[in-house]
Amino acid sequence: MSAFFILGNHPELAAEELATVLGVEKEAFEVQSQDVVIVDEGDRWTLAQLQERLGGVIKSGRIVALAKDQDEALAVCLAHMLTETRSDARRVFGLSVYSAGHRGRLVMWRAGLEKFGMRLKRSLQEHGSVRYVTASRIPVLSSVVVKKQGLIGDGVEFCLFPLEDRVLIGVTETVQDFEQWGARDYGRPSRDAVRGMLPPKLARMMVNLSRGEPSTHTLLDPYCGVGTILSEAAEIGYRKLVGSDKDVSAVEATRENLAFLSSARGSDIDAQLIHAKAESLATFLAPRSVDRIVTEVHLGPPRDGSESRVELEMRMDKLVPMYTEGFRAFSHILSTNATLVMAFPAYPVDGSTVEAPITQRASLFGLHISGGPWRYGRESQLVFRDIYRFSHDPAAVS
């Protein structure tokens, strides 16, 4: 059965994460638009398990029908409400219209959404009390609204995906647990406004993109900061974790946050924490002992927005030797066919971006891009993150 996935604020990255976790190529997606993926999710995962695993998907559900027009769609929604919700209680429903790649039909359905919803409400009122949940001036319901208004379980959210000559009708089954994600970020005992700004959702996406096997692989974060990546790796079951940082206070912050997570989970987290520069990790770790590296490198000093392009290029030039030495050190401790997922800085300026020139330098040490870059950041940010996935092949040194 086909499932739909509503992607968050960084849909390209979220779609890649989804494909990686499902173990499929994106060509297997039946529908992919700006913020929607429809695909057969297979039998390895339930939707609830996928929603809990993924960082970039905010809502998911099942495609239940295909309708040729609004009248047929209305009949489908009415039948579903009458057969799948309780007749002895007030029925609750909501509607969202998402793009399935046909802009003209999307505009038409969104323009007529209020009228369609009222027709469904009137039809349902013939069978009892009804509450119709709507959003103010937008044609989609957020995951917060869906959860708080009871549209999962007793209620129903219908998600409509207009195609060229028909419409797919889906029913939402899961939404992202916004409260849990907030608690994992702001509820940690140790945070740092400079060092600890990597969002947990991005950390989770990066861990998933590494294609690791949590039960057997060793995962290293060589610039661990306050331990966000290690925490997210532990959340999805990684048992062998290594973190390092040149700042002893960062190592202690990571230790504190992992202990807090361990207490909250009621299970121990086995993590080796090292106070060392990334460039010297070969001194502490055995050759071929690391299967996955997931990390955010040093992004440079904070910006104030007044920097010229020349100043930003000079700033990047100072960072690149550190990245290069990191690649050199990693090549000594990585197992054959290891995967790295790394976030590098990109500085927007004057309508373009100063990017980190790391491709050729990585290839000197058998590290070759196998995915990305995927850009993460809001339009107003002064520093973007470019996410790269590398594969390690020591025999293919440039």
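Overview of the structure.

Conventions adopted
- Residues numbered from 1 in each chain as written.
- Predicted model: local features only at pLDDT ≥ 70, side-chain atom pairs only at ≥ 80, totals over all residues.
- Heavy atoms only, no water.
- Helix = DSSP H or I, 4+ residues; strand = E, 2+ residues; numbered from the N terminus.
- Rg over C-alpha atoms; globule rule 2.2 N^0.38 Å.
- Buried < 20%, exposed > 50% of the residue type's maximum accessible area, 1.4 Å probe, protein only.
- Contact = heavy atoms within 4.5 Å.
- Lys, Arg positive; Asp, Glu negative; His and termini not counted.
- Charge placed at Lys NZ, Arg CZ, Asp CG, Glu CD.
- Core = buried A, V, L, I, M, F, W, Y, C linked by side-chain atoms within 4.5 Å.
- Axes fitted to C-alpha atoms, helices over the stretch in contact; angles between N-to-C directions.
- Parallel < 35°, antiparallel > 145°, perpendicular 65-115°, else oblique.
- Left-handed = near helix turned anticlockwise from the far one by under 90°.
- Nonpolar A, V, L, I, M, F, W, Y, C, P; charged D, E, K, R; others polar.
- Pairing = 2+ DSSP bridges.
- Disulfide = S-S within 2.5 Å.
- Polar contact = N/O pair within 3.5 Å; in protein donor to acceptor, adjacent residues only side chain to side chain.
- Salt bridge = Lys/Arg side-chain N within 4 Å of Asp/Glu carboxyl O.
- Arc of directions from axis to C-beta.

Quick word on the overall build of the chain
Part 1: The secondary structure content of the chain amounts to twelve helices and 16 strands.
Part 2: Compactness check: the chain gives a C-alpha radius of gyration of 24 Å against a globular reference of 21 Å for 398 residues, within 12% of the reference.
Part 3: Each principal axis of the C-alpha atoms in the chain carries an extent, and together these give about 75 × 50 × 40 Å.
Part 4: Scored against the burial criterion, the 398 residues of the chain give a buried share of 53%.
Part 5: Taking the intrachain contacts of the chain between residues at least 6 apart in sequence as the baseline, contacts between residues at least 24 apart amount to 74%.
Part 6: The positive charge centre, built from 46 side chains, and the negative charge centre, built from 51, are 3 Å apart in the chain.

So, the nonpolar core
Part 1: Grouped together as the largest cluster of nonpolar side chains are 35 residues, with contacts concentrated most on Phe327, Phe330, Phe344 and Phe390.
Part 2: Put simply, the parts of the chain that give this core at least two residues each are strand E12 (290–296), helix H11 (309–333), strand E13 (334–349) and strand E16 (384–392).
Part 3: With nine residues, H11 is the single largest residue contributor to this core.
Part 4: What Phe330 contacts, discounting residues up to four positions off in sequence, is Pro222, Tyr223, Ala278, Leu281, Ile293, Leu340 and Met342.
Part 5: Judged by nonpolar contacts, the second largest core, of 28 residues, contains Leu198, Leu202, Ala233 and Ile269.

Observations concerning the packing of helix H1 (residues 11–22) against helix H8 (residues 200–209)
Part 1: Where H1 contacts H8, the two axes come as close as 9 Å, and the packing angle between them is 45°. It follows from the interaxial angle that H1 and H8 lie oblique. Seen from above, H1 lies across H8 with left-handed handedness. Contacts between H1 and H8 involve Leu13, Ala14, Glu16, Glu17, Thr20 and Val21 from the first element and Leu202, Arg204, Met205, Asn208 and Leu209 from the second.
Part 2: Of the residues contributing to the contact of H1 with H8, the split by class is six nonpolar, two polar and three charged.

As for the sheet that holds strand E1 (residues 2–7)
Within a sheet, each strand pairs with its neighbour through backbone hydrogen bonds, oriented either parallel or antiparallel.
Part 1: Within the open sheet, the eight strands sit side by side as E2-E3-E1-E4-E8-E7-E5-E6. Their pairing is mixed. Both outer strands of the open sheet, strand E2 (31–32) and strand E6 (130–133), are each paired with one neighbouring strand and no more.
Part 2: In the sheet, strand E7 (residues 156–162) pairs with strand E8 (residues 167–175) via five bridges, with the strands oriented antiparallel. Counted as the bridge partner of Pro162 is Val167 from E8.
Part 3: Sitting on the sheet, H1 touches E1, E2 and strand E3 (36–40), and the angle it makes with E1 is about 145°.
Part 4: Packing of helix H4 (residues 103–111) onto the sheet brings it into contact with strand E5 (91–97), E7 and E8, and relative to E7 it is tilted by some 145°.

Some details on the state of the cysteines
Part 1: In this structure the tally under the stated criterion is zero disulfides.
Part 2: With no disulfide of its own, Cys77 has Cys159 as its nearest cysteine by sulfur position, at a separation of 10 Å.
Part 3: Cys77 sits in the buried class, given a relative accessible area of 0%.

Side note on the packing of helix H9 (residues 228–235) against helix H10 (residues 248–265)
Part 1: In the contact formed by H9 and H10, the axes pass within 9 Å of each other and the chain directions differ by 25°. Regarding the angle of H9 to H10, the classification is roughly parallel. Relative to H10, the crossing made by H9 is right-handed. In contact with Leu230, Ser231, Ala234 and Glu235 of H9, H10 contributes Thr254, Leu258, Leu261 and Arg265.
Part 2: Along the lines of polarity and charge, the residues of the contact of H9 with H10 split into four nonpolar, two polar and two charged.

Details of the side chain of Arg389
Part 1: Summarising the element assignment, Arg389 is placed in strand E16.
Part 2: Judged by relative accessible area, Arg389 falls into the buried class, the value being 1%.
Part 3: Of note is the side chain of Arg389, whose polar atom sits 3.4 Å from the side chain of Thr20.
Part 4: Residues within four places of Arg389 in sequence aside, it is in contact with Glu16, Thr20, Leu209, Arg211, Thr339, Leu340, Val341, His368, Ile369, Ser370, Gly371 and Trp374.

Observations regarding the pattern of salt bridges
Part 1: As enumerated under the stated definition, the model contains 24 salt bridges in all.
Part 2: Between Glu16 and Arg389 there is a salt bridge whose closest N-O contact spans 3.3 Å. On the criterion of sequence distance, the pair formed by Glu16 in helix H1 and Arg389 in strand E16 is long-range, its members being 373 residues apart. Each member of the pair Glu16 and Arg389 is classed as buried.
Part 3: A salt bridge links Asp185 to Arg188; the shortest N-O distance between them is 3.0 Å. Accessibility classification places Asp185 together with Arg188 in one group, the buried group.
Part 4: Through salt bridges with shared partners, a single ionic network connects Arg184, Arg204, Glu232, Glu235 and Arg265.

Some points on H4
Part 1: Three or more residues of H4 are buried, namely Arg105, Leu106 and Trp109. Projected onto a plane normal to the axis of H4, the buried residues spread over an arc of 105° and lie on a single side. Structural note: H4 exposes Arg103 and Ala111 on the side pointing more than 90 degrees away from its buried face.

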